[in-house]
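Chain and residue survey
Each chain, letter by letter, is given below.
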Amino acid sequence: MSISSIWHTVYPILIAILFFEFIIIIHEGGHYFAARMMKIKVNEFSIGMGPKIFQITRGDTKYTLRLILFGGYCSMEGEDSDSEDDNAFIKKKVWQRIFVVVAGAVMNLILGFVIMLIIVGSQNLVGTTQVAKFEDTALSAQSGLQLGDTIKSIDGMRVYTTNDVQTGLSRSADSTVDMIVNRDGKDVNLQVEFEMDDYEGTKYLKMDFWLKGVEKTFGNVIVQSVKEFASYARMVFLSIHDLLVGRYGLSDLSGPVGAVSVVSDAVKTSVNSMLRIMALLTINVGLFNLFPIPALDGWRLFVLIAEGITRKKLPSKAEYIINAVGLVLLLGLMCVVTFSDITKLF
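So, a few notes on the structure that sits alongside this text.

**Side note on helix α7 (residues 271-288)**
Every α-helix carries 3.6 residues per turn, so stepping three or four residues along brings you back to the same face. Across its 18 residues, α7 extends 25 Å between first and last C-alpha, which sits within 8% of the 26 Å expected from 1.5 Å per residue. Within α7, burial applies to Met274, Leu275, Arg276, Met278, Ala279, Leu281, Thr282, Ile283, Gly286 and Leu287.

In structure tokens, the structure reads:
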């Protein structure tokens with residue numbers, strides 16, 4: 001095997017790993033800068049996990065580079081235990097602690113929106129949900145969909161972007177979808193037929209039409225970026241809903257290994273595909289971290305809101321135990337999903 005072919009295999013994986021680390025740095029950097037703004041002492045800011053490669057100290061903070069570039073943390077004084085330091089996390093007002101806790105997720109969401117701006121801004125046209133063209137043998141055209149129809153919903157799910165149309169079709173349980181389209185200013189209900197395709201044992205609808213694009217302006221690029229961001233955020237909640245109702249099982253989940261594989265494949269495909277996967281991942285990380293699950297920022301946010309309402313703090317020992325149990329469960333789930341990812345590779 002030549003050096004060129006090895007590099008062609010390795011570089012997409014390296015890019016994927018570096019992007020994951022970038023997402024984590026953005027997240028932990030949000031906590032770090034928010035803590036600095038609230039005058040909270042940061043003991044250590046680490047890039048990566050595992051054995052220490054390099055460390056410098058500036059003021060009260062140690063800045064560390066660690067061997068495994070798949071993680072990181074911002075360790076604040078009094079974050080997980082009592083402290084007598086006036087600049088400890090636990091000594092600050094509730095609103096200040098809330099600001100620091102949500103800053104990481106907010107930075108991930110901001111990154112997601114910036115990526116969407118780049119994607120939309122780099123396209124030749126801005127997408128719409130209006131049907132522009134059919135394939136020659138399109139079943140959708142034969143079953144009632146017409147040129148010029150603007151798709152408003154698919155199987156009850158409102159659509160606002162081209163991505164929404166693709167998502168709505170991909171979630172259909174069979175070859176027929178219920179659509180509401182706007183035709184000549186009026187809403188029309190349709191039952192639209194599609195051919196079914198098969199990919200690695202999974203059946204899905206084959207989209208047999210194209211959607212109209214319009215010329216870019218500053219205004220519609222901003223509006224479309226907002227819509228695309230909202231569309232990707234909704235995909236996160238739809239995925240969780242589908243998992244909870246049994247549409248997908250644990251074997252369908254992807255952990256770090258599977259996600260790296262997906263991103264590296266997208267790198268090989270096109271820059272646009274890579275950026276879309278990256279946007280989805282960082283939005284996913286931002287939103288998931290706000291869920292009230294022990295060991296995540298969302299749990300700490302929930303505890304702080306409760307403290308603000310009741311004026312009573314959750315005992316540090318109780319919070320530590322709850323977070324420890326939550327962390328163990330999350331790590332257990334991660335191990336199961338990672339094992340599943342590895343088996344899929346082989």
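**What about empty space enclosed by the protein?**
The full count for this structure, using the stated rule, is one cavity of 30 Å³ or more. In this structure, the largest cavity encloses a volume near 40 Å³. As for the largest cavity, its lining consists of Glu135, Thr137, Ala138, Leu139, Glu195, Lys206 and Asp208. Class assignment for the residues of the lining of the largest cavity results in two nonpolar, one polar and four charged.

**Things to note about the environment of isoleucine 305**
Residue placement: isoleucine 305 occurs in helix α8 (residues 297-310). Between the C-alpha atom of isoleucine 305 and that of valine 94, which follows or precedes it by 211 residues, the distance is 7.8 Å.

**A look at the nonpolar core**
The biggest cluster of nonpolar side chains holds 20 residues, and the ones touching the most others in it are Ile151, Leu169, Met179 and Phe209. Among the secondary structure elements, those contributing two or more residues to this core are β3 (125-134), β4 (150-154), α4 (162-170), β6 (176-183), β7 (186-193) and β10 (209-215). In terms of residues, this core owes the most to one element, β6, which gives three residues. In contact with leucine 169, other than residues within four places in its own chain, are Ile154, Val177, Met179, Phe194, Leu205, Met207 and Phe209. Membership of the second largest hydrophobic core comes to 19 residues, among which are Ile115, Ala233, Met278 and Leu281.

**Comments concerning the packing of aromatic side chains**
Under the definition given, this model contains 11 aromatic pairs. On the basis of an interplanar angle of 35° and a centroid distance of 5.7 Å, the ring pair of phenylalanine 20 and phenylalanine 70 is categorised as tilted. With phenylalanine 20 in helix α1 (residues 3-37) and phenylalanine 70 in strand β2 (residues 61-76), this pair connects stretches of sequence that are 50 residues apart. For phenylalanine 70, a relative accessible area of 32% corresponds to the partly exposed category. Each residue in the set Tyr32, Phe33, Phe45 and Tyr63 is aromatic and connected to the rest through ring pairs, giving one cluster. Across from the ring centre of tryptophan 210, 5.3 Å away, lies the NZ or CZ of lysine 133, which sits over that ring.

**Description of the environment of serine 75**
Assignment of secondary structure puts serine 75 in strand β2. Judged by relative accessible area, serine 75 falls into the partly exposed class, the value being 24%. Considered as a pair, serine 75 and glutamate 28 are 47 residues apart in the sequence and their alpha carbons are 9.4 Å apart. Ignoring anything within four residues of it in the chain, the contact list for serine 75 reads Val42, Asn43 and Glu44.

Parameters and conventions
Residues numbered from 1 in each chain as written. Predicted model: local features only at pLDDT ≥ 70, side-chain atom pairs only at ≥ 80, totals over all residues. Heavy atoms only, no water. Helix = DSSP H or I, 4+ residues; strand = E, 2+ residues; numbered from the N terminus. Expected span 1.5 Å × (residues − 1). Buried < 20%, exposed > 50% of the residue type's maximum accessible area, 1.4 Å probe, protein only. 1 Å grid on protein atoms, 1.4 Å probe; cavity = no way out; pocket = protein on both sides within 12 Å on 5 of 7 lines; lining within 4 Å. Points joined across faces, edges and corners; volume = space filled by probe spheres on them. Nonpolar A, V, L, I, M, F, W, Y, C, P; charged D, E, K, R; others polar. Core = buried A, V, L, I, M, F, W, Y, C linked by side-chain atoms within 4.5 Å. Contact = heavy atoms within 4.5 Å. Phe/Tyr/Trp six-rings, centres within 6.5 Å; stacked < 30°, edge-to-face > 60°. Lys NZ or Arg CZ within 6 Å of the ring centre and 35° of its normal.

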